[in-house]
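Architecture and fold: a report
Spelled out from the first residue to the last, the chains are:
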Amino acid sequence: MAESSGIAAYIKEIGRGKDGARALSREQATDLMGRVLDGRVSDLELGAFCLAMRIKGETPTEMAGFLDATHQRLQRVPDAGHPTVVLPSYNGARKLPVLTPLLALLLARRGAAVVVHGTATEDRRVTSEAVLAALGHPARTAVDAVMPGEVAFLPTGLLLPGLQRLLDVRRVVGLRNPGHSLVKLMNPCQGPAVVVGSYTHPEYAVSMADTFALTGTRALLLRGTEGEPVADARRTPRMEAFVDGVRTEVQPAQDGPLARLPELPAEIDADSTARWIASVLDHRLAVPEPIALQVEHILHLLAHEPATP
């Protein structure tokens, strides 16, 4: 099926509608995504690919192939001899403050090396990048090693410009595409890592879990806050751990809100969120219980097998 350039033959297979489209093999998906990431497709082909996959939906096998192509091309964080926590941050804050930076800094305070990667996919949302910068952790301009106790924000375009191009299609057509799923599953580190995956809709919980299991990724999966990889501060979500393809529930979902709701910032802008996070880190405010539980589950995964509740 592969051609010298372009992806027309692949579009013919995946573009037959929800019921008529054919699923690609892992090898075909790797080749297809490789062409997209290398910029060997026209804007018209790229748009057709994104819309066809939006209608068809990605299978776990296809997503594994897309990840293979991505991992082959990423400028990866050097292996510094310790496992790293990976927090994909692409949704930002819409109604609630983005607390991914709090999760990252709590993990770093406990000795973890933390990589946060992301880019703004919608102009009106407050990003983790902006909040981390307000806290004195500006985005890095080079992909260097991340040491225990450090938090590094890496822009997607720095890791792989072709992936940034794929994500930017959303600004033109207004719809998500396989790139938005891909970034929540990928491991940008050369060495071992724990990827913290999050979803907003139940169907993505199934597909992400199947992909983590298929690829053998060590990961924690939960319903995040507005799509961010951090537990809702007001309610403990179900959390599942993945180790060598084995899936384990480590945290059951809480019925109803917490008995005592945390005091969240009144505004969700970057400066207000940063000040609130600083108050938590300085022990002036308590760490929200769901986020504290998430920290412990991630640290267990960094060290050894997942801890069951």
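Scroll up to find the structure.
Overview of the structure. For every chain, the first residue of the written sequence is number 1, and numbering continues from 1 onward in sequence order. The model is predicted, so local features are restricted to residues of pLDDT at least 70 and side-chain atom pairs to those at 80 or more, both for listing and for counting; the totals for chains, interfaces and linings are taken over all residues. Side-chain descriptors were evaluated using all non-hydrogen atoms of the structure, hydrogens and water having been removed beforehand.

1. Overview of the sheet that holds strand E6 (residues 239-243)
Strand pairing requires that DSSP identify at least two bridges connecting the strands. Helix and strand definitions here come from DSSP, where helices need a minimum of 4 consecutive H or I residues and strands a minimum of 2 consecutive E residues; each element is numbered from the N-terminal end. The 7 strands are arranged E3-E2-E1-E4-E5-E6-E7 in an open sheet whose pairing can be described as mixed. Both edges of this open sheet fall to strand E3 (151-155) and strand E7 (246-251), since each of them pairs with a single strand only. Going from strand to strand, the sheet's axes swing by 25 degrees on average, the running direction of each strand aside. Pairing of E6 with E7, which is carried by 5 bridges, proceeds in the antiparallel orientation. Residue pairing for E7: Glu240 is matched across the bridge by Glu249. What counts as an axis is a line fitted to C-alpha atoms, over the stretch in contact for a helix, and the angles between N-to-C directions run from 0 to 180 degrees.

2. Some words on the layout of surface pockets
The volume enclosed by the largest pocket comes to roughly 580 Å³. In terms of lining residues, the largest pocket is bounded by 22 residues, among which Asn91, Arg170, Arg176, Thr200 and His201 are the most central. Secondary-structure elements contributing two or more residues to the lining of the largest pocket are helix H10 (178-182), strand E4 (193-199) and helix H11 (202-215). Amino acids outside the nonpolar list (Ala, Val, Leu, Ile, Met, Phe, Trp, Tyr, Cys, Pro) and the charged list (Asp, Glu, Lys, Arg) are all regarded as polar, and Gly is one of them. Counted by class, the lining of the largest pocket contains 6 nonpolar, 8 polar and 8 charged residues. The distinction between a cavity and a pocket rests on a 1 Å grid over the protein atoms alone: a 1.4 Å probe fits inside a cavity but cannot get out, while a pocket stays open yet meets protein on both sides within 12 Å along at least five of seven lines, and a residue with an atom within 4 Å of a point counts as lining. Grid points are joined across faces, edges and corners, and a volume is the space filled by probe spheres set on the points. Here the second largest pocket is characterised by a volume of approximately 300 Å³. Forming the walls of the second largest pocket are 15 residues, and the residues nearest its centre are Arg223, Gly224, Asp232, Arg235 and Pro237. Considered class by class, the residues forming the lining of the second largest pocket number 4 nonpolar, 5 polar and 6 charged.

3. Quick look at the environment of Lys12
Among the secondary structure elements, Lys12 is positioned in helix H1 (residues 8-14). With 10 residues separating them in the primary sequence, Lys12 and Arg22 have C-alpha atoms 9.2 Å apart.

4. Here we look at empty space enclosed by the protein
Across all of its chains, the model carries 5 cavities of 30 Å³ or more by this definition. Taken as a whole, the largest cavity holds about 70 Å³ of empty space. Counting residues per element, the ones that place at least two in the lining of the largest cavity are helix H5 (60-73) and H11. Here the element with the most residues in the lining of the largest cavity is H11; it accounts for 4 residues. The class makeup of the residues in the lining of the largest cavity is 5 nonpolar, 4 polar and 1 charged.

5. What about the nonpolar core?
Met33, Phe49, Phe66 and Met186 are the most contacted members of the largest nonpolar core, which has 51 residues in total. Contact between two residues is taken to exist if any of their heavy atoms lie within 4.5 Å; hydrogens are not considered. With residues up to four places along the chain from it excluded, the contact list for Phe49 reads Ile7, Ile11, Ile14, Leu32, Met33, Val36, Phe66, Leu166 and Pro178. Buried residues of nine kinds, namely Ala, Val, Leu, Ile, Met, Phe, Trp, Tyr and Cys, make up a nonpolar core once their side-chain atoms join them within 4.5 Å. Under the scheme applied here, a residue whose accessible area is under 20% of the maximum for its type counts as buried, over 50% as exposed, and between as partly exposed, the area being computed with a 1.4 Å probe on protein chains only. Leu132, Val194, Val196 and Val280 belong to the second largest nonpolar core, which has 43 residues in total.

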